[in-house]
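So the chains spell out like this:
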Amino acid sequence: AQTVTQSQPEMSVQEAETVTLSCTYDTSENNYYLFWYKQPPSRQMILVIRQEAYKQQNATENRFSVNFQKAAKSFSLKISDSQLGDTAMYFCAFNAGGTSYGKLTFGQGTILTVHP
Amino acid sequence: GAVVSQHPSRVICKSGTSVKIECRSLDFQATTMFWYRQFPKQSLMLMATSNEGSKATYEQGVEKDKFLINHASLTLSTLTVTSAHPEDSSFYICSARTPYGYTFGSGTRLTVV
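Residues numbered from 1 in each chain as written. Chains lettered and ligands numbered in written order. Predicted model: local features only at pLDDT ≥ 70, side-chain atom pairs only at ≥ 80, totals over all residues. Heavy atoms only, no water.

Asks: I'd like a rundown of the sheet that holds strand 8 (residues 76-81) of chain B, residues and numbers included.
Replies: Sheet strands pair via backbone hydrogen bonds, and the direction of the pair is either parallel or antiparallel. All names here are of chain B. Strand order across the open sheet formed by four strands is 1-3-8-7, with antiparallel pairing between neighbours. Bordering the open sheet on either side are strand 1 (4-7) and strand 7 (67-73), each of which pairs with just one other strand. The mean angle between the axes of side-by-side strands here comes to 15°, regardless of whether they run parallel or antiparallel. Note: strand 7 against strand 8, five bridges, orientation antiparallel. The residue bridging Asn-70 from the neighbouring strand is Thr-78, located in strand 8. (Pairing = 2+ DSSP bridges. Helix = DSSP H or I, 4+ residues; strand = E, 2+ residues; numbered from the N terminus. Axes fitted to C-alpha atoms, helices over the stretch in contact; angles between N-to-C directions.)

Now the structure itself:
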């Protein structure tokens, strides 16, 4: 079974600064997908970024980038130039790839607060 | 694209009654729908996976007779909470897989009084 661990229950950062959220996972699969989702106070789940395990290049989406270390099974999210709208709960999630549309396994979540 | 519309967003019901939550895929066909439950400041807990035209698969510990899931078409999946009790009060979210990942409904806050 796959597990996803987010060891930081809460984080805070000043506006315009950079923050990194940690995520580790455990799996015996070789082909899989990793995601970071954001859940703001509205509670709508929003995809932030995704990474395919077979791609060595780290995914980036504007101010969001990941540090994917496959051997270490680590998948951290870096948010640059933090904005007040980044305040949310962030979830790291794992999905085994292949031909089956498998379920997502979520980490415990990290509550991020951006201070003005 | 790839939007899942979830209704209602909030519902209050009396103890012992049933409540139905609907999730519709608006611009794609959702072969599989996932149903989650979430408590405040906690992670999403998968309750069940529904596949169009077949019986849902429930996670261990989830009462299938209490949480009835129907996925009768490629665009509609429903979760019915039967004989609701105050402990069923929670936030329920549906999600469907798309070619780009997973898309989520906006959630339903259920309060049982």
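Asks: Explain the pattern of salt bridges to me, using residue names and the numbers behind them.
Replies: Evaluation of the coordinates by the stated rule reveals seven salt bridges over all chains. The closest approach of N and O atoms between Glu52(A) and Lys55(A), which form a salt bridge, is 3.9 Å. Judged by relative accessible area, Lys55(A) falls into the partly exposed class, the value being 39%. Residue Lys66(B) pairs with Asp88(B) through a salt bridge whose shortest N-O separation is 2.8 Å. Remark: Asp88(B) occurs in the loop between strand 8 and strand 9 (90-98) and Lys66(B) occurs in the loop between strand 6 (57-58) and strand 7; sequence separation between them is 22 residues. Residues Lys66(B) and Asp88(B) agree in their burial class; the two are buried. Where salt bridges share partners, they join Arg50(A), Glu52(A) and Lys55(A) into one cluster. (Salt bridge = Lys/Arg side-chain N within 4 Å of Asp/Glu carboxyl O. Buried < 20%, exposed > 50% of the residue type's maximum accessible area, 1.4 Å probe, protein only.)

Asks: Requested: an account of the interface of chain A and chain B, with residues and values cited.
Replies: Between chain A and chain B, the contact holds 21 residues from the first and 22 residues from the second. Where chain A touches chain B, the interface holds one salt bridge. Here Lys103(A) makes a salt bridge to Glu59(B), at a shortest N to O gap of 3.1 Å. Taken together, the connections running from chain A to chain B amount to eight residue pairs in polar contact (both at pLDDT 80 or more). Those elements that provide at least two residues to the side of chain A that touches chain B are strand 5 (32-39), strand 6 (46-52) and strand 10 (88-96) of chain A. When its residues are assigned to classes, the side of chain A that touches chain B shows 11 nonpolar, seven polar and three charged. (Contact = heavy atoms within 4.5 Å. Polar contact = N/O pair within 3.5 Å; in protein donor to acceptor, adjacent residues only side chain to side chain. Nonpolar A, V, L, I, M, F, W, Y, C, P; charged D, E, K, R; others polar.)

Asks: Describe in detail the side chain of Thr27(A), supporting the description with residues and values.
Replies: All names here are of chain A. Note on placement: Thr-27 falls in the loop between strand 4 (24-26) and strand 5. Overall, the relative accessible area of 6% leaves Thr-27 in the buried class. Separated by 3.0 Å, the side chain of Thr-27 and the backbone nitrogen of Glu-29 make a polar contact. In this structure Thr-27 touches Gln-2, Tyr-32, Lys-73 and Phe-94, once residues within four positions along its chain are discounted.

Worth remembering: the numbers are spatial, not functional.
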